[in-house]
Amino acid sequence: MKSLLSTKYHKFMKSIYVGIDISKNTLDFCIKSSNGISFQKIDNKIRNIRKLLKTLVKMNVKVFIAMENTGYYNYNLYQVLESFDFNVYVLDPKHIKRSIGLVRGKNDKVDAKRIAFFIERNHQDFECWEPCSEAVKSLKILMGQRKSKIKQRKGIKQQMTDLRDIAFNSSTRKLIKINQKAINELDRHIKEIETLIRAEIKSEPALGAQVKRIKTVPGIGDVTAWMITIKTEGFQRLTDPRKLACFAGVVPFEQQSGTSLKTKPRVSKMADMALKSVLQMAAMRAVRMKNDLQAYYLRKVEEGKNKMSVLNAVRNKLIHIAMALIKNQTNYKNRLQLS
């Protein structure tokens, strides 16, 4: 019995767990091994990252690396990790935050340590990160830029509304003209970005075919199809429609505890809001067109169901239909029987 325990202990200590806190300019590493815990801080540059990761290879142990998803700032790390055979995990920041309970204070070093300890305990519950295609990488950057431009345009439009509500003189008229020029310029930028997105999708025929396939679903247009594409890493992850629906926050969950708490099932606030938002718009378009989804919506509303609850069910069905088309390699047919 003692020898068996010592063997398991030895195998356990042959692994190291690395937590990385990522910022624009620097990366903080916490390396937890059999010798204890060590910390490294390096510049967020490909050369520096590769040099440090090579030292982990020389340790001749199984390496588990975890980081939070911080968007663009992860990209240098992603590029280097593609050439190493590590177990890599990209985590939702909310997942780690909710797992550590009540804490006081934080800094980059502490955050890296928390990530290392978290992945040591929970790595078996997560799927390993896999590098995505070049087209999907470009799509993520382009969609991020498109979102930024739309946000800028929305802000300027709000400024114009405010200007029209104040005393209308020559200065306000000039400011409105300046803002209108800025809006026109942003409109042009957004159209150019969308052209680049279509070109990237077209550059990978297989990916282009999948995007075209899910666009046959009523209500799913370009933006919704693009968003589903990048959230599923080009239909390589979250391909289970139930998991994707949970990720998008369109699955209602029961709220019950003993006899004092029992409410109607509600959707969780822990959702990818970007995906949830475009699905909402897609569902609203779908129920305005003559198709099976509209028939389902009208039937449920006539039965007395809450309109927003039924609309959420349509969002859920959009995901299930889209992923079924990807799985079966078929296009949508309006003869689908929806319950």
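Quick note: structure is the one above.
Once a new chain begins, its residue numbering starts again from 1 and follows that chain's sequence as written. In keeping with the model being predicted, local features are shown solely for residues with a pLDDT of at least 70 and side-chain atom pairs are shown and tallied solely at 80 or more, while totals for entire chains, interfaces and linings include all residues. The side-chain figures draw on all heavy atoms in the structure; neither hydrogens nor water molecules are used.

Asker: Before we go on, may I ask you to explain the overall build of the protein in this structure?
Answerer: Along its length, the protein carries 13 helices and seven strands. Residues classed as buried in the protein amount to 39% of the 339 residues present. In what follows, a contact means two residues having at least one pair of non-hydrogen atoms within 4.5 Å. A fraction of 62% describes how many contacts in the protein between residues 6 or more apart in sequence connect residues 24 or more apart. Only the protein chains shown count as covering a residue, and every accessible area follows the Shrake-Rupley method with a 1.4 Å probe. Roughly 20800 Å² of accessible area belongs to the protein as shown, and the carbon and sulfur atoms make up 53% of that amount. A run of DSSP states H or I qualifies as a helix once it reaches four residues; a run of E qualifies as a strand once it reaches two. Both are numbered from the N-terminal end. For every residue, the accessible area obtained with a 1.4 Å probe (protein chains only) is divided by the maximum for its type, and the residue is called buried under 20%, exposed over 50%, and partly exposed between those limits.

Asker: What is the right way to look at helix α12 (residues 292-302) in this model?
Answerer: An α-helical turn contains 3.6 residues, so any two residues separated by three or four positions project in the same direction. Taken as a whole, α12 has its buried residues at Asp 292, Leu 293, Gln 294, Tyr 296, Tyr 297 and Lys 300. Packed against the buried residues of α12 are α11 (273-286) and α13 (307-328). For α12, the side-chain oxygen to backbone nitrogen distance between the N-cap and Leu 293 is 2.7 Å, and the N-cap itself is Asn 291. Gly 304, located one to two residues past α12, shows a positive phi value of around 100°. For the purposes of these results, a polar contact is taken to be a pair of N or O atoms within 3.5 Å, where, inside protein, one atom must be able to donate a hydrogen and its partner to accept one; residues adjacent in sequence count only when each atom of the pair is a side-chain atom.

Asker: Even after reading the chapter, I still don't get the pattern of salt bridges, so can you show me in this structure?
Answerer: Oppositely charged side chains can form a pair if their charged atoms are brought close together. Salt bridge, as used here, is a side-chain nitrogen of Lys or Arg placed within 4 Å of a carboxyl oxygen of Asp or Glu. According to the stated counting rule, one finds 14 salt bridges in the structure shown. Between Lys 231 and Asp 272 there is a salt bridge; the shortest N-O distance is 3.0 Å. Pair noted here: Lys 231 is in helix α9 (residues 222-231) and Asp 272 is in the loop between β7 (261-267) and α11, with a separation of 41 residues, a long-range link. Here Lys 231 and Asp 272 have matching classes, each one buried. Overlapping salt bridges bring together Glu 82, Glu 134 and Lys 137 as one network.

Asker: Explain the nonpolar core to me, please; I cannot follow it from the model alone.
Answerer: Generally speaking, soluble globular proteins have nonpolar side chains that are buried together. Among the nonpolar cores identified, the biggest contains 47 residues, and Ile 197, Phe 235, Leu 275, Val 314, Leu 318 and Ile 319 are the most heavily contacted of them. Mapped by element, the contributors of at least two residues to this core are α6 (134-165), α7 (170-203), α8 (205-214), α9, α10 (241-248), α11, α12 and α13. Top contributing element to this core by residue count: α13, with ten residues. Ignoring sequence-local partners within four residues, the contact set of Phe 235 consists of Leu 207, Gln 210, Val 211, Ile 214, Ile 228, Thr 229, Met 323 and Ile 326. Nonpolar core, defined: a set of buried Ala, Val, Leu, Ile, Met, Phe, Trp, Tyr and Cys residues in which side-chain atoms within 4.5 Å join the residues together. Membership of the second largest hydrophobic core comes to 23 residues, among which are Ile 49, Leu 53, Leu 77 and Trp 129.

Asker: Can you help me understand the packing of α12 against α13 in this one?
Answerer: When two helices pack together, their arrangement is captured by the angle between the axes and the distance separating the axes. To obtain an axis, a line is fitted to C-alpha atoms, over the contacting stretch when the element is a helix, and the angle between two such axes runs from 0 to 180 degrees between their N-to-C directions. The interhelical angle for the contact between α12 and α13, taken along N-to-C directions, is 150°, at an axis separation of 10 Å. On the basis of the axis angle, α12 is roughly antiparallel to α13. Note that α12 runs across α13; the crossing there is right-handed. Contacts from Leu 293, Tyr 296, Tyr 297, Lys 300 and Val 301 of α12 reach α13 at Lys 307, Val 310, Leu 311, Ala 313, Val 314, Lys 317, Leu 318 and Ile 321. Each angle gets one of four labels, with under 35 degrees taken as roughly parallel, over 145 as roughly antiparallel, 65 to 115 as roughly perpendicular, and the rest as oblique. By convention, the crossing between two helices is left-handed when the near helix turns anticlockwise from the far helix through less than a right angle, and right-handed when the turn is clockwise.

Asker: So what exactly am I meant to see when it comes to a nonpolar patch on the surface here?
Answerer: A contiguous nonpolar surface patch, about 270 Å² in accessible area, is contributed by Tyr 72, Tyr 73 and Ile 141. Within the element layout of this structure, Ile 141 appears in helix α6. Accessibility expressed as a relative area gives 36% for Ile 141, which makes it partly exposed. Exposure above 30% relative accessible area and no salt bridge define the residues that can form patches, which grow by joining like charges within 9 Å and nonpolar side chains of Val, Leu, Ile, Met, Phe, Trp and Tyr within 5 Å.

Asker: Just checking my understanding: could you explain α8 for this structure?
Answerer: Within α8 the residues assigned to the buried category are Leu 207, Gly 208, Gln 210, Val 211, Arg 213 and Ile 214. Those residues of α8 that are buried lie in contact with α6, α7, α9 and α13.

Asker: I tried to follow the packing of aromatic side chains on my own but got confused; where do I start?
Answerer: Any two aromatic rings considered together are summarised by their centre-to-centre distance and by the angle between their planes. Working definition: rings of Phe, Tyr and Trp (its six-membered ring) pair if their centres are within 6.5 Å, and the pair is stacked with planes under 30 degrees apart, edge-to-face with planes over 60 apart, and tilted otherwise. Going through the model one piece at a time under the given rule, you end up with seven aromatic pairs. Between Tyr 75 and Tyr 78 the ring centres are 6.1 Å apart and the planes differ by 35°, which places this aromatic pair in the tilted class. Remark: Tyr 78 and Tyr 75 occur in helix α3 (residues 75-81); sequence separation between them is three residues, near one turn of the helix. The class of Tyr 75 is partly exposed, set by a relative accessible area of 23%. Pairing Phe 118 with Phe 126 gives two aromatic rings, centres 5.8 Å apart and planes at 55°, and the pair type is tilted. With relative accessibility at 2%, the residue Phe 118 sits in the buried group. One aromatic cluster is present, built from ring pairs that chain together Tyr 72, Tyr 75, Tyr 78 and Trp 129. Over the ring of Tyr 296 we find Lys 317; its NZ or CZ atom is 4.6 Å from the centre of that ring. Definition used: whenever NZ (Lys) or CZ (Arg) falls within 6 Å of the ring centre and also within 35 degrees of the ring normal, the charge is taken to sit over that ring.

Asker: Quick question: what am I supposed to make of a positive patch on the surface here?
Answerer: A contiguous patch of positive charge on the surface is contributed by Arg 173, Lys 174, Lys 177 and Lys 181. As for its position among the elements, Lys 174 is in helix α7. For Lys 174, a relative accessible area of 57% translates into the label exposed. This count recognises Lys and Arg as positive and Asp and Glu as negative, with His and chain-terminal groups excluded. To locate a charge, the coordinates of NZ of Lys, CZ of Arg, CG of Asp or CD of Glu are taken.

Asker: Mind showing me how you'd approach the sheet that holds strand β5 (residues 87-91) here?
Answerer: A pair of strands is considered paired only if DSSP assigns at least 2 bridges between the two. Taken together, the five strands give an open sheet; going across it, the order is β3-β2-β1-β4-β5, and neighbouring strands pair in mixed fashion. If you trace the sheet from one side to the other, it starts and ends with β3 (36-43) and β5, each paired once. Sheet twist, expressed as the average angle between the axes of neighbouring strands with direction ignored, equals 20°. Of the pairings in the sheet, the one linking strand β1 (residues 15-22) to strand β4 (residues 62-68) comprises six bridges and is parallel in character. Residue pairing across strands places Tyr 17 opposite Phe 64, the latter belonging to β4. Sheet contacts for helix α2 (residues 46-58): β1, β2 (26-33), β3 and β4; angle to β3, the most-contacted strand, approximately 160°. In this fold helix α5 (residues 108-122) packs onto β1, β2, β3, β4 and β5, with an angle of close to 140° to the strand it touches most, β1.

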